[in-house]
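So you can see what is in the structure, the chains are spelled out below.
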Amino acid sequence: MFENLFKLFKKENKRETLCESSKDTAKERLHLVLMQDRANVSADFLDLMRQEIIEVIKKYIDIDESTMDVRLTNQTNDDGTQGAPALYANIPILNIKDENKKMKMEEQINKETQEKTKEALEVDQTTIEEEDKKIEEAIKIVEEEKNETQNKEKNNEKIKTQNEKEKDVKGESQEKEKNNNNSESNNEGNDKEESEVQNKTENIQKKIKSQNKNQKRKNKRE
Amino acid sequence: MGEVIVITSGKGGVGKTTTTANLGSSLALEGKKVALIDTDIGLRNLDVVMGLENRIVYDIVDVVEGKCKLRQALIKDKRFKELYLLPAAQTRDKSAVNEEQMKELTTKLKEEFDYILVDCPAGIEQGFKNAIAGADRAIVVTTAEISSIRDADRIIGLLESAEIKNPELVINRIRPNMVKRGEMMDVDDIVDLLSIDLIGVVPDDEYIITQTNKGEPVIQNKRAPSGKAYLEIAKRVLGEDIEVTIPGREQSFWQKIKSIFRK
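Residues numbered from 1 in each chain as written. Chains lettered and ligands numbered in written order. Predicted model: local features only at pLDDT ≥ 70, side-chain atom pairs only at ≥ 80, totals over all residues. Heavy atoms only, no water.

**So, the overall build of chain A**
Phase 1 of the analysis: A tally of helices and strands in chain A yields seven helices and four strands.
Phase 2 of the analysis: When the helices and strands of chain A are listed from N to C terminus, the series reads α-α-α-β-β-β-β-α-α-α-α.
Phase 3 of the analysis: Within chain A, buried positions represent 18% of all 222 residues.
Phase 4 of the analysis: If you take every contact in chain A between residues at least 6 apart in sequence, the share linking residues at least 24 apart comes to 55%. (Helix = DSSP H or I, 4+ residues; strand = E, 2+ residues; numbered from the N terminus. Buried < 20%, exposed > 50% of the residue type's maximum accessible area, 1.4 Å probe, protein only. Contact = heavy atoms within 4.5 Å.)

Okay, here's the thing in C-alpha cells:
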C-alpha cells in the first residue's frame, strides 16, 4: 500500500517538474537570443526575411500568409543533443498556380520586350551624347595642335612670311580651311604632322555630319 | 612579472565587485601579493565591500593625472598583509582615464604584484574598454538569469575581439533547491550556452550580505558556502587542478566514503 502511494507521489512530482520547469523555457529562449546576438542580427531580421520569402513564393504558389510560420530552431541530433540551428518554415499552400503561371509568363515576356525597347532607346540617346563629347574633345585637340604648328612657324622666319602673305590673301576664311592651307605651305619635315591634322579635321567633319543626323533622329522621336 | 585579471560581466549587479574582493582576499590568503583596481569611476564600491572606505586619500584618477605617486594611492588592507586596493574616483566619470593610461598603470603594478585584479564597471562602453586594456586574462561573472547570461555572451565576444583569449566563467548566486526543482538553469546548461571554461560556482547565501554589511570578505566566515567557493576559485586561478564543486551536487558523507573505497 505505502509503496504504491509513494510511487503515485513520485510520479506526480515528476509531472509537475516537467510541466512547470521554467528552466527549459529560459534555455530555449536564451538559445535563440544568443544565436541572433552572435549573428549580429536585429530583431527585424526574421520579419524582413519572412517578407521576402513570401514575395518569392507568391510568384509560383498561392499561400496562406496568416498561418505561415517562419522561425529559427535547433535541430536535435540522433542522440537527443542540440545540433546546428535551422531555419524552420511552415507554409500552408492554398493553390498551385499552373495555368496562371503560363499566363503570367506571357505577360512577363511582353513586359520584358517593352522594357527592352525602352532601354534600347535610352542607350541610343546616351551614345549620341557620348559622341558629342568626343567631337568636342577632338576639336580641342586640333586647336592645340594648330597652336603648336603656329609656334613652329614662328621659329622658321621664311615660312612665317609665306604664311603671312597667304593669310593676307585669304583673310577671314574658316578655321579648318586655314589649317589646311597652313599645312600645304609648310616644309617637307612637317608633312606628317600636317597630314595627321588633315585627317583629324576630316574626321571631325564626318562626326559633325553624323551628329546632325543624330539630332535629326532625336527630333523625329520627339 | 604579475598577471592582470579583469573581472567583468556586462550586466550590473551580478557580483563583480564581491567576486573581486573575495578572490583578491583568497589569493592574498594563499600568500600572493595582490592589487585590486576599481575602474568603476563615479560609482566606486570596491572600497566599501573591502571595508576600506575611510582610508582613501588618493584615487586612480589622481595617479593617472600625476597628482600623486602610485604607491601613495594604494591602500593597504586591514586583514591581509599583501593585499592592496587602488580605489576609483567618485567625483569624475569614465573618460577621466583612457586605455593607454590603464595599460601603463597595469604594467607598473605588474612589476610589484603577483596578481592585479581589475573590477570592471557594468556596460560595454569606455569604462569596460579601459578595464580590459591592460588585462592578460578575464573572468566573466554571470548569474543563472537570462539577462545576465545574454550580457555575458556579448562580453565574451568583445573580450575575444580584444584578443583576451579563453575567458573563464564564474556562475554566481546558484540556488541548489531551485535547480533541483528545475526552476533555475543548471550549471551545465549555462556552460553549454556560453561555451567557455568554468572556473567556479558560487552558491547564493546570506553570508555574502552579512559579511558585506560588515565590510569583510565572505571567505573569513568559515561557515559560508560562498566563501568556500571563492577559496576554490583562487586555487584554480593559481593553476591547481581541482574539480569544480557544484552546489547541490556535493557528495554526502556516505558517498564520500564509498568513493574512497572505490579507489
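The rest of the description comes next.
**Here we look at the interface of chain A and chain B**
Phase 1 of the analysis: Contact residues are listed per partner, giving 14 residues for chain A and 13 residues for chain B.
Phase 2 of the analysis: If you sort the residues of chain A by the area they bury against chain B, Lys23(A), Leu30(A) and Leu34(A) come out on top, with a joint share of 40%.
Phase 3 of the analysis: Between chain A and chain B we count two salt bridges in total.
Phase 4 of the analysis: When the shortest N-O distance is used, the salt bridge between Lys27(A) and Asp189(B) registers 3.4 Å.
Phase 5 of the analysis: Our count for the contact surface shared by chain A and chain B stands at three residue pairs in polar contact (both at pLDDT 80 or more).
Phase 6 of the analysis: Listing elements by their share of the side of chain A that touches chain B, those giving two or more residues are helix H1 (2-20) and helix H2 (22-38) of chain A. (Buried area = accessible area lost by both parts, 1.4 Å probe. Salt bridge = Lys/Arg side-chain N within 4 Å of Asp/Glu carboxyl O. Polar contact = N/O pair within 3.5 Å; in protein donor to acceptor, adjacent residues only side chain to side chain.)

**Some words on the sheet that holds strand E6 (residues 137-142) of chain B**
Residues and elements named next belong to chain B.
Phase 1 of the analysis: Taking strand neighbours across the sheet as the criterion, the eight strands line up as E3-E4-E2-E5-E1-E6-E7-E8 in an open arrangement whose pairing is mixed. At either end of the open sheet lies a strand with only one pairing partner, and these are strand E3 (75-76) and strand E8 (197-203).
Phase 2 of the analysis: Of the pairings in the sheet, the one linking E3 to strand E4 (residues 83-86) comprises two bridges and is antiparallel in character. Residue pairing across strands places lysine 76 opposite tyrosine 84, the latter belonging to E4.
Phase 3 of the analysis: Against the sheet, helix H7 (residues 146-161) engages strand E1 (3-8) and E6, with an angle of about 165° to E6.
Phase 4 of the analysis: Together, E1, strand E5 (115-119), E6, strand E7 (168-174) and E8 form the strand contacts of helix H11 (residues 225-237), whose direction differs from that of E8 by roughly 160°. (Pairing = 2+ DSSP bridges. Axes fitted to C-alpha atoms, helices over the stretch in contact; angles between N-to-C directions.)

**As for the environment of Asp189(B)**
Phase 1 of the analysis: Along the chain, Asp189(B) falls in helix H9 (residues 187-194).
Phase 2 of the analysis: Between the alpha carbons of Asp189(B) and Ala144(B) there is a distance of 9.3 Å; along the sequence they are 45 residues apart.

**Focus on the pattern of salt bridges**
Between side chains of opposite charge, a pair can form when the charged atoms approach closely.
Residue and element names in this part refer to chain B.
Phase 1 of the analysis: According to the stated counting rule, one finds 18 salt bridges over all chains in the structure shown.
Phase 2 of the analysis: The partner of lysine 67 in a salt bridge is glutamate 65, and the shortest N-O contact between them spans 3.2 Å.
Phase 3 of the analysis: Judged by relative accessible area, which is 55%, lysine 67 ranks as exposed.
Phase 4 of the analysis: Glutamate 65 sits in the partly exposed class, given a relative accessible area of 36%.

**Looking at the packing of helix H5 (residues 99-112) of chain B against helix H6 (residues 126-133) of chain B**
In a packed pair of helices, the relevant descriptors are the angle between the two axes and the axis-to-axis distance.
Residue and element names in this part refer to chain B.
Phase 1 of the analysis: Put simply, H5 and H6 touch, their axes get as near as 8 Å, and they point 30° apart. By the angle class used here, H5 and H6 are roughly parallel. For the element pair H5 and H6, the recorded crossing hand is right-handed. Contact residues: H5 offers Glu99, Met102 and Lys103, while H6 offers Gln126, Lys129, Asn130, Ala131 and Ala133.
Phase 2 of the analysis: For the contact of H5 with H6, the per-class residue count stands at three nonpolar, two polar and three charged. (Parallel < 35°, antiparallel > 145°, perpendicular 65-115°, else oblique. Left-handed = near helix turned anticlockwise from the far one by under 90°. Nonpolar A, V, L, I, M, F, W, Y, C, P; charged D, E, K, R; others polar.)

**Concerning the packing of aromatic side chains**
All names here are of chain B.
Phase 1 of the analysis: Applying the stated rule across the entire model yields one aromatic pair over all chains.
Phase 2 of the analysis: Here tyrosine 84 and phenylalanine 113 contribute two aromatic rings whose centre-to-centre distance is 5.6 Å and whose plane-to-plane angle is 70°, an arrangement assigned as edge-to-face. You can see tyrosine 84 sitting in strand E4 and its partner phenylalanine 113 sitting in the loop between H5 and E5, a full 29 residues away along the chain.
Phase 3 of the analysis: Above the ring of phenylalanine 113, the side-chain terminus of lysine 33 is found at 5.0 Å from the ring centroid. (Phe/Tyr/Trp six-rings, centres within 6.5 Å; stacked < 30°, edge-to-face > 60°. Lys NZ or Arg CZ within 6 Å of the ring centre and 35° of its normal.)

**Some points on the layout of surface pockets**
Residues and elements named next belong to chain B.
Phase 1 of the analysis: Taken as a whole, the second largest pocket encloses approximately 370 Å³ of empty space.
Phase 2 of the analysis: Forming the boundary of the second largest pocket are 27 residues, of which Gly13, Gly15, Lys16, Thr18 and Arg173 lie nearest the centre.
Phase 3 of the analysis: Counting only elements with at least two residues in the lining of the second largest pocket, the list comes to helix H1 (16-29), helix H2 (46-50), E7, E8 and helix H10 (206-214).
Phase 4 of the analysis: Among the residues making up the lining of the second largest pocket, the classes are represented as 13 nonpolar, seven polar and seven charged. (1 Å grid on protein atoms, 1.4 Å probe; cavity = no way out; pocket = protein on both sides within 12 Å on 5 of 7 lines; lining within 4 Å. Points joined across faces, edges and corners; volume = space filled by probe spheres on them.)

**Focus: a positive patch on the surface**
Residue and element names in this part refer to chain B.
Phase 1 of the analysis: Taken together, the side chains of Arg55, Lys76, Lys78 and Lys81 make up a positively charged region of the molecular surface.
Phase 2 of the analysis: Relative to the elements of secondary structure, lysine 78 occurs in the loop between E3 and E4.
Phase 3 of the analysis: Residue lysine 78 is classed as partly exposed on the basis of its relative accessible area of 45%. (Patch = residues over 30% accessible without salt bridge, like charges linked within 9 Å, V, L, I, M, F, W, Y side chains within 5 Å. Areas by Shrake-Rupley, 256 points an atom, 1.4 Å probe, with all protein chains shown as cover. Lys, Arg positive; Asp, Glu negative; His and termini not counted. Charge placed at Lys NZ, Arg CZ, Asp CG, Glu CD.)

**Observations regarding the packing of H2(A) against H7(B)**
Phase 1 of the analysis: At their nearest, the axes of H2(A) and H7(B) sit 10 Å apart, and the two run at 25° to each other. One finds that H2(A) runs roughly parallel with respect to H7(B). Taken as a pair, H2(A) and H7(B) cross one another with a handedness that is right-handed. Across the interface between the two elements, Ala26(A), Arg29(A), Leu30(A), Val33(A), Leu34(A), Asp37(A) and Arg38(A) from H2(A) touch Ile146(B), Ile149(B), Arg150(B) and Asp153(B) from H7(B).
Phase 2 of the analysis: In terms of residue class, the contact of H2(A) with H7(B) is built from six nonpolar, no polar and five charged.

**Focus: the side chain of Asn221(B)**
All names here are of chain B.
Phase 1 of the analysis: Structurally, asparagine 221 is set in the loop between H10 and H11.
Phase 2 of the analysis: With relative accessibility at 15%, the residue asparagine 221 sits in the buried group.
Phase 3 of the analysis: A polar contact of 3.0 Å, which involves the side chain of asparagine 221, links it to the backbone nitrogen of arginine 223.
Phase 4 of the analysis: Every residue in contact with asparagine 221, bar those within four places of it in the chain, is listed here: Tyr207 and Gln211.

**Remarks on the pairing of E4(B)**
Residue and element names in this part refer to chain B.
Phase 1 of the analysis: Both faces of E4 are covered, namely the face carrying Leu83 and Leu85 and the face carrying Tyr84 and Leu86.
Phase 2 of the analysis: Of the strand pairs in this sheet, strand E2 (residues 34-38) and E4 are connected by four bridges, and their pairing is parallel. Counted as the bridge partner of leucine 36 is leucine 85 from E4.
Phase 3 of the analysis: Between E3 and the antiparallel strand that follows it, E4, lie six residues.

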